[in-house]
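An overview of the molecular structure
Each chain, letter by letter, is given below.
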Amino acid sequence: PSNSAVTVILHFGSRHNLQVRAQAALFEQLFQDALLTDLRTRQQLAYVAHLAVGVHGDTTAVTLSVQSSKVSAAELDDRVNAFLAGTVDILEGMSE
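My aim in this report is to walk through the structure given alongside it, one point at a time. (Residues numbered from 1 in each chain as written. Predicted model: local features only at pLDDT ≥ 70, side-chain atom pairs only at ≥ 80, totals over all residues. Heavy atoms only, no water.)

1. So, the overall build of the protein
Spelled out, the test is: For helices the rule is a DSSP run of H or I covering at least 4 residues; for strands it is a run of E covering at least 2, with both sets numbered from the N terminus onward. A radius of gyration in this sense is built from C-alpha atoms; the matching globule rule multiplies 2.2 Å by the number of residues raised to 0.38. For the exposure calls, accessible area comes from a 1.4 Å probe over protein chains only, and a residue counts as buried if that area is under 20% of its type's maximum, exposed if over 50%, partly exposed in between. We call two residues in contact whenever any of their non-hydrogen atoms come within 4.5 Å of each other. Exposure was quantified through the Shrake-Rupley algorithm and a 1.4 Å probe, taking into account, for residues, occlusion by the shown protein chains and nothing else. The sign given to each residue is positive for Lys and Arg and negative for Asp and Glu; His and the chain ends receive no count. The atoms used to mark charge sites are NZ of Lys, CZ of Arg, CG of Asp and CD of Glu.
In terms of regular secondary structure, the protein is built from 2 helices and 3 strands. Taken from the N to the C terminus, the helices and strands of the protein come in the order β-α-β-β-α. Rg of the C-alpha trace for the protein: 14 Å, near the compact-globule value of 12 Å for 96 residues, within the 12% margin. Across its three principal axes, the protein shows a C-alpha extent of roughly 40 × 30 × 15 Å. Here the protein, with 96 residues, has 30% of them falling under the buried criterion. Sequence-distant contacts in the protein: of pairs separated by 6 or more residues, those separated by 24 or more amount to 63%. Approximately 5,800 Å² of the protein is accessible, and the part contributed by carbon and sulfur atoms is 52%. With 6 positive and 10 negative side-chain charges, the protein shows a spacing of 9 Å between the two charge centroids.

This is how it looks when you write it as structure tokens:
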């Protein structure tokens, strides 16, 4: 593959809900560096790996964008989904 990209949008809830916005911001803070470390450094897969909080319509969302010249979009999507599955495990292991 010459160039592939995947964008995943995780909807957290209403942009008017402060708790939802705080949760999205915490997700961004917890996993931005992890995304870079995993996909870019450890797997040497992507030359762009970005995670950011934003608003889509009335919804607060986290957008993950990953671009690679090494694997197909389908493989990139699988790797991003594997990364996201790992975030679930980490979040479930955290105390409130």
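After that view of the structure, there is still more to cover.
2. Overview of the sheet that holds strand β1 (residues 4-14)
Put simply, the rule is: Whether two strands pair depends on DSSP finding at least two bridges between them. To get an axis, fit a line to the C-alpha atoms, keeping to the stretch in contact for a helix; angles then go from 0 to 180 degrees between the N-to-C directions.
Taken in spatial order, the 3 strands of this open sheet run β1-β3-β2, and their pairing is antiparallel. Either end of the sheet is taken by a strand with one partner, and the two such strands are β1 and β2 (48-56). Adjacent strand axes in the sheet meet at a mean angle of 15 degrees, parallel and antiparallel pairs treated alike. Relative to strand β3 (residues 59-68), β1 runs antiparallel, the two sharing 10 bridges. In the strand pairing of β3, Thr 7 is matched with Ser 65. In this fold helix α2 (residues 73-92) packs onto β1 and β3, with an angle of close to 35 degrees to the strand it touches most, β1.

3. Concerning the packing of aromatic side chains
In plain terms, the rule: Each aromatic pair joins two rings of Phe, Tyr and Trp (for Trp, the six-membered one) with centres within 6.5 Å, and gets the label stacked for planes under 30 degrees apart, edge-to-face for over 60, and tilted for any other angle.
Enumeration over the complete set of coordinates arrives at 3 aromatic pairs. Measuring from ring centre to ring centre gives 5.8 Å for Phe 12 and Phe 27, while their planes differ by 65 degrees; the resulting arrangement is edge-to-face. Of the two residues, Phe 12 sits in strand β1 while Phe 27 sits in helix α1 (residues 18-42), which places them 15 residues apart along the sequence. Judged by relative accessible area, which is 7%, Phe 27 ranks as buried.

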